[in-house]
Amino acid sequence: MYSVASLTISDFLVERGESDLLNGLSFSARSGEIVHISGANGAGKSTFFKALLGLLPLLNGTISLNGEVLVRPAQSLLSKSLYIGHGVGLNAALTVMENLSWYFPECHISRFQLVLKELSMSAFAEAQLQQLSAGQLRRVALARLWLSDKPIWLLDEPFTALDQTLISQLEAKMADHISAGGIIILASHLPLKSLPFQRVEL
Ligand SMILES: Nc1ncnc2c1ncn2[C@@H]1O[C@H](COP(=O)(O)OP(=O)(O)OP(=O)(O)O)[C@@H](O)[C@H]1O
């Protein structure tokens, strides 16, 4: 089980260009829950994740973990969260295996091999990233979910470029994470097919 019992967002407001976004967004996610943030293109889903992690300043709002308002939210959240954004977040100069080693220096190579096998990526372990398709790159990016022990997953459009097999695998992985007491905040234009979730509309 994980140590985070709840993550609460209160009254978020972010300035982006000429506009104010998020409009007082507030919700709470408890251990074992998925929050699905939906909204039209440009509604502010990616902006929300960036503001949550301190990559954009909040005009207003607080973040609480386990009922306590965080004084240094970005620092506290970064140590407890795994964020997978629109970009794949990989180093193009490194191979697939080198990228995983860079993210998880403590992990044994045999663990990477197992995860790559599960993601049908074994044949590409030593490949340079430019040899991979868009969906294969996303698989490598998502391998972090198979390797991480962070309780909070922040996933911005995680299904982009994935085939149906991997979408099902990812949903199963998310089910495992919430069963173990994790929290998932997800923005997606695709509906979650097999998982319970709390919807937050922007
Ligand atoms: N760097 C930027 N500077 C100014 N405005 C920006 C910047 N990036 C995004 N925006 C604006 O902020 C608004 C929210 O963008 P954001 O990327 O958060 O939307 P989104 O809901 O994630 O959209 P999508 O569904 O298309 O991914 C948009 O109107 C966009 O034009």
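For clarity, every value in this text was computed on a predicted model and none was experimentally measured. (Residues numbered from 1 in each chain as written. Predicted model: local features only at pLDDT ≥ 70, side-chain atom pairs only at ≥ 80, totals over all residues. Heavy atoms only, no water.)

Explanation requested: helix α4 (residues 109-118) in the structure shown.
One full turn of an α-helix is made of 3.6 residues, so residues set three or four places apart face in the same direction. Buried within α4 are the following residues: Phe-112, Val-115 and Leu-116. For α4, the angular spread of the buried residues around the axis is 100°, confining them to a single face. Away from its buried face, by an angle of more than 90 degrees, α4 presents the exposed residues Leu-114 and Lys-117. If you follow the buried residues of α4, they end up packed against α3 (96-103) and α5 (134-147). Ser-120, located one to two residues past α4, shows a positive phi value of around 55°. (Buried < 20%, exposed > 50% of the residue type's maximum accessible area, 1.4 Å probe, protein only. Helix = DSSP H or I, 4+ residues; strand = E, 2+ residues; numbered from the N terminus. Arc of directions from axis to C-beta. Contact = heavy atoms within 4.5 Å.)

What is the right way to read the domain arrangement of the chain from this model?
Size of an interface: often given as the accessible area lost when the parts come together. Partitioning the chain into structural domains gives domain 1 (1-80 + 151-202) and domain 2 (90-149). Using only C-alpha atoms to locate each centre, domain 1 and domain 2 end up separated by 24 Å. At the interface, 15 residues of domain 1 touch 11 residues of domain 2. Of the roughly 1100 Å² buried where domain 1 meets domain 2, counting both sides, 63% is carbon and sulfur surface. Contact with domain 2 buries surface across domain 1, with Leu-166, Gln-169 and Lys-173 losing the most and accounting together for 38% of the total. Seen at the junction of domain 1 and domain 2, the total is 1 salt bridge. Arg-139 is paired through a salt bridge with Asp-163; the nearest N and O atoms lie 2.7 Å apart. At the boundary of domain 1 with domain 2, the tally comes to 3 residue pairs in polar contact (both at pLDDT 80 or more). (Domains from an automatic or database assignment. Buried area = accessible area lost by both parts, 1.4 Å probe. Salt bridge = Lys/Arg side-chain N within 4 Å of Asp/Glu carboxyl O. Polar contact = N/O pair within 3.5 Å; in protein donor to acceptor, adjacent residues only side chain to side chain.)

What is the right way to read the packing of α5 against helix α6 (residues 164-179) from this model?
One way to put it is that α5 packs onto α6 with a least axis distance of 11 Å and a crossing angle of 20°. Compared by their axis directions, α5 and α6 come out roughly parallel. Crossing angle aside, the handedness with which α5 passes α6 is left-handed. Counting all contacts with α5, which are made through Arg-139, Leu-142, Leu-145 and Trp-146, the residues of α6 involved are Leu-166, Gln-169, Leu-170 and Lys-173. Of the residues belonging to the contact of α5 with α6, the class tally is 5 nonpolar, 1 polar and 2 charged. (Axes fitted to C-alpha atoms, helices over the stretch in contact; angles between N-to-C directions. Parallel < 35°, antiparallel > 145°, perpendicular 65-115°, else oblique. Left-handed = near helix turned anticlockwise from the far one by under 90°. Nonpolar A, V, L, I, M, F, W, Y, C, P; charged D, E, K, R; others polar.)

Whenever I open this one, the sheet that holds strand β6 (residues 81-84) confuses me. Can you help?
Overall, parallel pairing links the 5 strands, which are arranged β6-β7-β8-β3-β9 in an open sheet. The open sheet is flanked by β6 and β9 (198-201), the only strands paired with a single partner. If you compare each strand with its neighbour and ignore which way they point, the axes differ by 15° on average. Pairing of strand β7 (residues 152-156) with strand β8 (residues 183-187), which is carried by 5 bridges, proceeds in the parallel orientation. Note that in β8 the partner of Ile-152 across the bridge is Ile-183. (Pairing = 2+ DSSP bridges.)

How do you make sense of the nonpolar core when you look at a structure like this?
Generally speaking, nonpolar side chains in soluble globular proteins are found buried as a group. In terms of nonpolar packing, the biggest core is built from 37 residues, with Leu-142, Leu-145, Leu-155, Leu-170, Met-174 and Ile-184 touching the most fellow members. Those elements that provide at least two residues to this core are β6, α3, α4, α5, β7, α6 and β8. For this core, the element with the most residues is α5, which contributes 6 residues. Counting contributing residues per domain, this core is built from domain 1 (1-80 + 151-202) and domain 2 (90-149), each supplying no fewer than three. What Leu-155 contacts, discounting residues up to four positions off in sequence, is Phe-49, Ile-84, Leu-145, Met-174, Ile-184, Ile-185, Leu-186 and Ala-187. Ile-9, Phe-12, Leu-21 and Ile-183 belong to the second largest nonpolar core, which has 28 residues in total. (Core = buried A, V, L, I, M, F, W, Y, C linked by side-chain atoms within 4.5 Å.)

How do you make sense of the site of the ligand when you look at a structure like this?
What surrounds the ligand is a group of 13 residues, the closest being Gly-42, Gly-44, Lys-45, Thr-47 and His-189. Measuring from an oxygen atom of the ligand, one finds a backbone N or O atom of Gly-44 at 2.9 Å. Here an oxygen atom of the ligand and a side-chain polar atom of Lys-45 are 2.7 Å apart. Across the complex, the protein chains shield 57% of the 640 Å² of accessible surface that the ligand would expose by itself. For the shell around the ligand, the class distribution of residues is 3 nonpolar, 8 polar and 2 charged. (Near = heavy atom within 4 Å. Areas by Shrake-Rupley, 256 points an atom, 1.4 Å probe, with all protein chains shown as cover.)

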